[in-house]
Amino acid sequence: MAPTAAQIKSRALDLGFHKVGIARADALDGEGSARLIRWLAAGYAGEMGWMHDPRRRDIRQVLPGVRSVICVALNYNTPQGSPAPGQARISRYALGRDYHKVLSKPLKALARWIEVSDPGCRAIAYVDTGPIQEKAWAEAAGIGWIGKNACLITPEYGSWVFLGEILSTLDLEADNPHPNYCGTCTRCLSACPTAALVEPAVVDARKCLAYHTIENRTSELPAAIAERQHGWVVGCDLCQTCCPFNLRAERWGRYSEVADFAPRDPWNDITLDQLANLSDAEFERWSAGSAIRRVRAGGLRRNARSALGASGDSLAQAHRN
Ligand code: SF4
Ligand code: SF4
């Protein structure tokens, strides 16, 4: 028998997700897809060609007959101290086990359970893997709102959440979109060192440290990025750590109980000097099962040397190593 929205939500929470909500499949028609089209047309996606996949604007092209989008969130935050001088800064999302691996198993189990409960339906799980506007769907499903920092913010955990989605042909009772609680706050806009938040909730990836440290494959980072890197070598959390909703979540002690998200050695305590001279063998060993693998060894060396203010010659050396 087809499961109800309440049964699916209860199952999702039993599987360990911290939040779950449901949106109708047409929830992003109109403004939701128009926002993405404007962002792409402005060139803000940089070299992320996959963002132009037309299915991202219309999930009916991902799963024909889709009627509902089930969204889940999992808090990954762990207590962090202030960075020591010379410490390489790594975004919190990347410190523990690769989130794709952590979320995929329970989300696929939920999708399987839905299909087994109603063999006539389809349910497909995605964790940052398909052409899905996951923050927009999470907002439509009532999980949280897209803040001026362009992150999905939950009232309970702030923006320290991983998101996942199940597209389903089931016609489920939908939640209301989450209201936006940013109000008159502009802290994240002021905190961004590169002015990458070109307007509230709009990131120009070409100016963003997170984009350059992770996705940029050139041999050197642009000078305008390197000058404002502040030690970041994987991502950047500056527009999140300043957010009052994240600060409140920390005051409330809302840290993740998921053991997989505990920071792994040596990432929480590694210096820029060490990373600038990272060997391929060290990278292979240390990045196993970690989202940091996406940055690659040469990328980490480049980012560290850039943050240290290395010369072009030593950058070239880093890529030869
Ligand atoms: S991740 Fe860093 S560089 Fe990018 S928008 Fe946020 S504060 Fe700015
Ligand atoms: S820092 Fe302020 S404006 Fe930015 S996302 Fe958080 S609440 Fe919204």
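Not measured: the values here are computed from a predicted model. Starting from 1, residues in each chain are numbered consecutively following that chain's sequence as written. Here chains are named by letter from A upward and ligands by number from 1 upward, in the order in which they appear as written. This being a predicted model, a pLDDT of at least 70 is required before a residue's local features are given, and a value of 80 or more before pairs of side-chain atoms are given or counted; all residues contribute to the totals for chains, interfaces and linings. No hydrogens and no water enter the side-chain calculation; it runs on all heavy atoms of the structure.

Trainee: Is there a simple way to explain helix H1 (residues 5-14) in this structure?
Mentor: Because each turn of an α-helix spans 3.6 residues, side chains separated by three or four positions end up pointing in the same direction. Three labels apply to residues, based on accessible area from a 1.4 Å probe with only protein chains included: buried if under 20% of the type maximum, exposed if over 50%, partly exposed otherwise in between. Only DSSP runs of H or I covering at least 4 residues are called helices, and only runs of E covering at least 2 are called strands; the numbering of each starts at the N terminus. The complete set of buried residues in H1 reads Ala 5, Ile 8 and Ala 12. End-on, the buried residues of H1 take up no more than an arc of 65°, which puts them together on one face. Opposite its buried face, H1 presents the exposed residues Ala 6 and Asp 14, each directed more than 90 degrees away. Relevant arc is that of directions from the helix axis to the C-beta atoms, nothing else.

Trainee: Sorry if this is basic, but what is going on with the side chain of Gln 133 here?
Mentor: For Gln 133, the position within the fold is in the loop between strand E4 (123-126) and helix H4 (134-140). Here, two residues are considered to be in contact whenever any of their heavy atoms come within 4.5 Å of each other. Not counting chain neighbours up to four residues away, the residues in contact with Gln 133 comprise Leu 28, Gly 32, Ser 33, Leu 36 and Arg 56.

Trainee: Please explain the UniProt feature "active site" (unreviewed entry) in the protein chain as it appears in this structure.
Mentor: Mapped onto this numbering, the UniProt entry annotates "active site" (unreviewed entry) at Asp 128. With respect to the secondary-structure elements, Asp 128 resides in the loop between E4 and H4. Asp 128 gets classed as partly exposed once you look at its relative accessible area, which sits at 38%. With near-sequence residues (within four places) excluded, Asp 128 lies in contact with Tyr 99, His 100 and Glu 134. Any N or O atom pair separated by 3.5 Å or less is treated as a polar contact, with the protein-specific requirement of one donor-capable and one acceptor-capable atom, and with residues adjacent in sequence counted only for side-chain atom pairs. Side chain to side chain, Asp 128 and Tyr 99 meet in a polar contact 2.4 Å long. UniProt positions are given in the numbering used here, feature names are shortened, and annotations may be inferred rather than shown by experiment.

Trainee: Just checking my understanding: could you explain the packing of H1 against helix H3 (residues 99-117) for this structure?
Mentor: Two quantities define a packed helix pair, namely the angle between the axes and the distance from one axis to the other. Interhelical geometry of H1 versus H3 gives an angle of 150° and a closest axis separation of 10 Å. Relative to H3, H1 is oriented so that their crossing is right-handed. Facing Gln 7, Ile 8, Arg 11 and Ala 12 of H1, the residues of H3 in contact are Leu 110, Trp 113 and Ile 114. Along the lines of polarity and charge, the residues of the contact of H1 with H3 split into 5 nonpolar, 1 polar and 1 charged. With axes taken as lines fitted to C-alpha atoms, and helix axes fitted only over the stretch in contact, angles between N-to-C directions fall between 0 and 180 degrees. By convention, the crossing between two helices is left-handed when the near helix turns anticlockwise from the far helix through less than a right angle, and right-handed when the turn is clockwise. Note on residue classes: Ala, Val, Leu, Ile, Met, Phe, Trp, Tyr, Cys and Pro are nonpolar, Asp, Glu, Lys and Arg are charged, and everything else, Gly too, is polar.

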